[in-house]
Amino acid sequence: MDVAQIYKDSNALLEGHFKLSSGNHSSFYLQSAKVLEDPKTAKLLAQELAKQIKESGIKVDAICSPALGGLIAGFALATALDVRFIFAERVEGQMSIRRGFKVKENENYIICEDIITTGGSALEAAKQVEAHGGNIVAYAALANRGFCSRVGSTVETKENCKLPLDKPLFALDDFTFEMYSPENCPMCKQGSKAYKPGSRGN
Ligand code: ZN
């Protein structure tokens, strides 16, 4: 499966001159929600991710996603694995599990995101599941930004990865874009101006 091509075809992988939320500049930007706009594509990607997880032999009882970003990917993965789906959400900045969702004692959970950058939200959701007595058996995402190492990839974990190293991360592909500080950005040097995705309706 050519995951990068699927992202491009869905306008989820943008090329240009972008200002990222970190303040760095990049010539690529992932608009992850766009790849899930077509349910057929969402289903296809989730089935491929589910295949990796099934092949690993890991026993999964449920998926938990951090809202908002992980909801669609998590639900699609839960559908492909035929397991329950719950989500964690931020209330006044604190990740919590609400809405009557029950984590049962010793149930095995995968935390699923659309994209793993440093994995901060995924880790917060995992801590909530564990606080309610559940086990975290793995992390999963459709795309991996390459800060955390995923199963089957040679990309090594960077120091800003927040995910625990003793749990596998399943993802379909690495999107390791070059990032530049504004002073060192080659596109800025050529006179182009970086823009923040979202500011032009994308
Ligand atoms: Zn720039």
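See the structure shown above.
Residues numbered from 1 in each chain as written. Predicted model: local features only at pLDDT ≥ 70, side-chain atom pairs only at ≥ 80, totals over all residues. Heavy atoms only, no water.

Chemist: Can you help me understand the overall build of the chain in this one?
Modeler: Of regular secondary structure, the chain possesses six helices and eight strands. N-terminal to C-terminal, the α/β element order of the chain is α-β-β-α-α-β-α-β-β-β-α-β-β-α. Relative to the globule expectation of 17 Å for 202 residues, the C-alpha radius of gyration of the chain, 17 Å, shows essentially globular dimensions. Counting only C-alpha atoms and orienting by the principal axes, one finds that the chain spans roughly 55 × 35 × 35 Å. Across the 202 residues of the chain, 48% fall into the buried class. Taking the contacts inside the chain whose residues are at least 6 apart along the sequence as the reference set, 64% of them involve residues at least 24 apart. (Helix = DSSP H or I, 4+ residues; strand = E, 2+ residues; numbered from the N terminus. Rg over C-alpha atoms; globule rule 2.2 N^0.38 Å. Buried < 20%, exposed > 50% of the residue type's maximum accessible area, 1.4 Å probe, protein only. Contact = heavy atoms within 4.5 Å.)

Chemist: Looking at this model, I keep getting lost on the nonpolar core. Mind explaining?
Modeler: Burial of nonpolar side chains together is a common tendency in soluble globular proteins. The biggest cluster of nonpolar side chains holds 34 residues, and the ones touching the most others in it are Y7, I53, I63, L77 and L142. Looking at this core, the elements with two or more residues in it are helix 1 (3–9), helix 3 (39–56), helix 4 (71–81), strand 4 (84–91), strand 6 (108–116), strand 7 (135–144) and strand 8 (169–174). Apart from the residues within four sequence positions on either side, Y7 is in contact with A12, L13, L30, V35, D114, L142, A143 and F175. (Core = buried A, V, L, I, M, F, W, Y, C linked by side-chain atoms within 4.5 Å.)

Chemist: I would appreciate a short explanation of helix 4 in the present structure.
Modeler: Since the α-helix turns once every 3.6 residues, residues separated by three or four places project in the same direction. Taken together, the buried positions of helix 4 are occupied by A73, G74, A76, L77, A78 and L81. One or two residues past the end of helix 4 sits D82, with phi positive at roughly 55°.

Chemist: Help me understand the coordination of the zinc ion in this model?
Modeler: Around a metal, the ideal angle is 109.5 degrees if four donors adopt a tetrahedral arrangement and 90 or 180 degrees if six donors adopt an octahedral arrangement. The protein atoms that coordinate the zinc ion are H17 (NE2), H25 (ND1), C185 (SG) and C188 (SG), at distances spanning 2.0 to 2.4 Å. One chain supplies every donor for the zinc ion, spaced along it as H-x7-H-x159-C-x2-C. Of this pair, H25 sits in strand 2 (residues 25–30) while C188 sits in helix 6 (residues 186–189); the two residues are 163 residues apart in sequence, bridging distant segments of the chain. A residue is classified by how much of its surface remains accessible, and C188, at 26% relative accessible area, is partly exposed. (Donors = N, O, S within 2.8 Å, 3.2 Å for Na, K, Ca; no water.)

Chemist: Explanation requested: the environment of L36 in the structure shown.
Modeler: In this structure, L36 sits in the loop between helix 2 (32–35) and helix 3. According to the relative accessible area criterion, L36 is buried, its value standing at 9%. Placed 24 residues apart in sequence, L36 and A12 show a C-alpha to C-alpha distance of 8.9 Å. The residues contacting L36, other than those within four sequence positions of it, are A42, I72, A73, D114 and L142.

Chemist: Looking at this structure, how should I read the pattern of salt bridges?
Modeler: Charged atoms that come close allow side chains of opposite charge to pair. All chains considered together, the criterion is met by eight salt bridges. Between D173 and R150 there is a salt bridge; the shortest N-O distance is 4.0 Å. Placement of D173 in strand 8 and of R150 in the loop between strand 7 and strand 8 is noted, with a sequence separation of 23 residues between them. Salt bridges sharing common partners tie together R150, D173 and D174. (Salt bridge = Lys/Arg side-chain N within 4 Å of Asp/Glu carboxyl O.)

Chemist: Please explain the packing of aromatic side chains as it appears in this structure.
Modeler: Within a pair of aromatic rings, the relevant descriptors are the distance that separates the centres and the angle that separates the planes. Enumeration over the complete set of coordinates arrives at seven aromatic pairs. The interplanar angle of 75° and the centroid separation of 5.2 Å between the aromatic rings of F87 and F101 together place this pair among those described as edge-to-face. Here the residue F87 occupies a position in strand 4, and F101 occupies one in the loop between strand 5 (94–96) and strand 6, the gap between them amounting to 14 residues. With a relative accessible area of 16%, F87 lands in the buried category. A residue is classified by how much of its surface remains accessible, and F101, at 27% relative accessible area, is partly exposed. (Phe/Tyr/Trp six-rings, centres within 6.5 Å; stacked < 30°, edge-to-face > 60°.)

Chemist: I would appreciate a short explanation of the sheet that holds strand 4 in the present structure.
Modeler: Strand pairing in a sheet relies on backbone hydrogen bonds, with the paired strands running either antiparallel or parallel. With mixed pairing, the six strands of this open sheet are ordered in space as 5-4-3-6-7-8. Bordering the open sheet on either side are strand 5 and strand 8, each of which pairs with just one other strand. Averaged over all neighbouring strand pairs, the angle between strand axes comes to 25°, with direction disregarded. The sheet contact formed by strand 4 and strand 5 spans three bridges and is antiparallel. Considered in strand 5, the bridge of V91 is made with Q94. Against the sheet, helix 3 contacts strand 6, strand 7 and strand 8, and its axis sits at roughly 135° relative to strand 8. Strand contacts of helix 5 (residues 120–131): strand 3 (62–66), strand 4, strand 5, strand 6 and strand 7, with the helix running at about 165° to strand 6, the strand carrying the most contacts. (Pairing = 2+ DSSP bridges. Axes fitted to C-alpha atoms, helices over the stretch in contact; angles between N-to-C directions.)

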